[in-house]
Amino acid sequence: MFSAIARIFRTPDLRRKIGFTLGIVALFRLGSFIPAPFVDFGNVQACLAANQGTSGLYELVNLFSGGALLQLSVFALGIMPYITASIIVQLLRVVIPHFDTLYKEGASGQSTLTQYTRYLTIALGILQSTTLITVARSGALFGTSGSTECTQLITNDAWYAIMLMVITMTAGTGVIMWMGELITERGIGNGMSLLIFTSIAARFPNSLGAIGQQKGWDTLAIVLVIGILIVFAVVFVEQSQRRIPVQYAKRMVGRRTYGGNNTYIPIKVNMAGVIPVIFASSLLYLPALIAQFNQPAAGQEPQAWVVWVTNNLTGGDQPLYMAFYFLLIIGFTYFYVAITFNPEEVADNMKKYGGFIPGIRAGRPTAEYLDFVLTRVTLPGSLYLGLIALIPLVAFSVIGADQNFPFGGASILIIVGVGLETVKQIDSQLQQRHYEGLLR
């Protein structure tokens, strides 16, 4: 293992790529602590000290920004606008035929889709930065409107100050997007994924330290043991796949023989990744948001439905919230897998190039068989996603680790997935140069 790591740093090209990636990551983390214009840095730090976290959709965005959202920094929005734009463009392939045509055109069409994603990212950045600044001005960002510091986060309410803050945060999103593309092009691994990985991993030391100080070191030890077991389970499931064998018939072109080889179609147990967890979290936040806008005036009784939503759909420790969260994740997993993997398209491509599954006729029977296998493989994958997402909610209720519990949900899925993919890329580059990789 140590000799393999030494070979990485003895390889000039690989050493340069890793150094470039680490440099971009350091700049990314630096921007997370630079406050936006007209932000009272002292009041922000006081609110952060008084409120160890937030809830709902802000918690998810703050997770992907590495804590920069609650810092109101120039990188406050993080990579979340780009993630949202990518998901929207991917879903629009089903609705808009032109997008699907561009996707099938190859590199040129996909570059056009990437350009659309960039434009949509900037538009979402403007929208989200405006919303964030509005919430910060109202004092509701930390959910403590009664605190004086949390109602005075912005020092200037003039229109030009608000516009400058919106432009700064949107430009920060554009810079993050550029950094991610630079890492993909000149560094190692997928740039956007690595920036998300960095944002989440940066919060682990503070979260673990807070658990140790607030709940005791015995609780911290339990959390670490649970975390190690979760990582092992996630690695096992993320690597699991159902391999469907495919054979290609031999073809004679001139005097040469083509085809005749055997391969397989890998269908992963978790094909949807972390997307269903993000969808379910965002959708469950909507009832709480609607109820928040329908709070009664002073001295009046709240409406019955507002009371019901507040008592059942606003906290992660509520059984009904957990049940809805689990069911939504299962539903979104099937929905997203159905969009990203088209059995009919795969069957047509196999038929076009002379491929077939042994014992299954080419064409429609192949598509029906692939759909049969996909439906049954997705079931354990969706249950696995639901259980992983419920772990921090159960920890909140049982262990009492509050929202500082870092092992679970979207965070551990992203960290393990990105870590495995990056290690595989380093391993493949080592094998190209030394005929011996990092993994054995």
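Placed above this text is the structure.
Residues numbered from 1 in each chain as written. Predicted model: local features only at pLDDT ≥ 70, side-chain atom pairs only at ≥ 80, totals over all residues. Heavy atoms only, no water.

**Looking at the sheet that holds strand β5 (residues 355–356)**
Here is step 1 of the chain: Pairing is antiparallel in the open sheet, where three strands are placed in the order β4-β1-β5. Taken across any chain shown, the strands that pair with only one partner, and hence form the sheet edges, are β4 (262–268) and β5.
Here is step 2 of the chain: Pairing of strand β1 (residues 241–248) with β5, which is carried by two bridges, proceeds in the antiparallel orientation. What sits directly across from Q247, in β5, is F356. (Pairing = 2+ DSSP bridges. Helix = DSSP H or I, 4+ residues; strand = E, 2+ residues; numbered from the N terminus.)

**Section: the packing of helix α2 (residues 12–31) against helix α10 (residues 191–201)**
Here is step 1 of the chain: Orientation of α2 relative to α10, taken along the N-to-C sense of each, is 55°, at an axis distance of 11 Å. If you check the angle between α2 and α10, you find them oblique. Between α2 and α10 lies a crossing whose hand is right-handed. Only L194, L195, T198 and S199 of α10 make contact with α2, whose side of the interface consists of T21, V25, F28 and R29.
Here is step 2 of the chain: When the residues that make up the contact of α2 with α10 are grouped by side-chain class, the tally is four nonpolar, three polar and one charged. (Axes fitted to C-alpha atoms, helices over the stretch in contact; angles between N-to-C directions. Parallel < 35°, antiparallel > 145°, perpendicular 65-115°, else oblique. Left-handed = near helix turned anticlockwise from the far one by under 90°. Contact = heavy atoms within 4.5 Å. Nonpolar A, V, L, I, M, F, W, Y, C, P; charged D, E, K, R; others polar.)

**A closer look at the environment of A272**
Here is step 1 of the chain: Counting through the fold element by element, A272 comes out in the loop between β4 and α13 (275–292).
Here is step 2 of the chain: Owing to a relative accessible area of 5%, A272 belongs among the buried residues under this scheme.
Here is step 3 of the chain: In sequence terms A272 and T340 are 68 residues apart; their C-alpha atoms lie 8.2 Å from each other.
Here is step 4 of the chain: Contacts of A272, omitting those with residues within four sequence positions, involve T333, Y336 and V337. (Buried < 20%, exposed > 50% of the residue type's maximum accessible area, 1.4 Å probe, protein only.)

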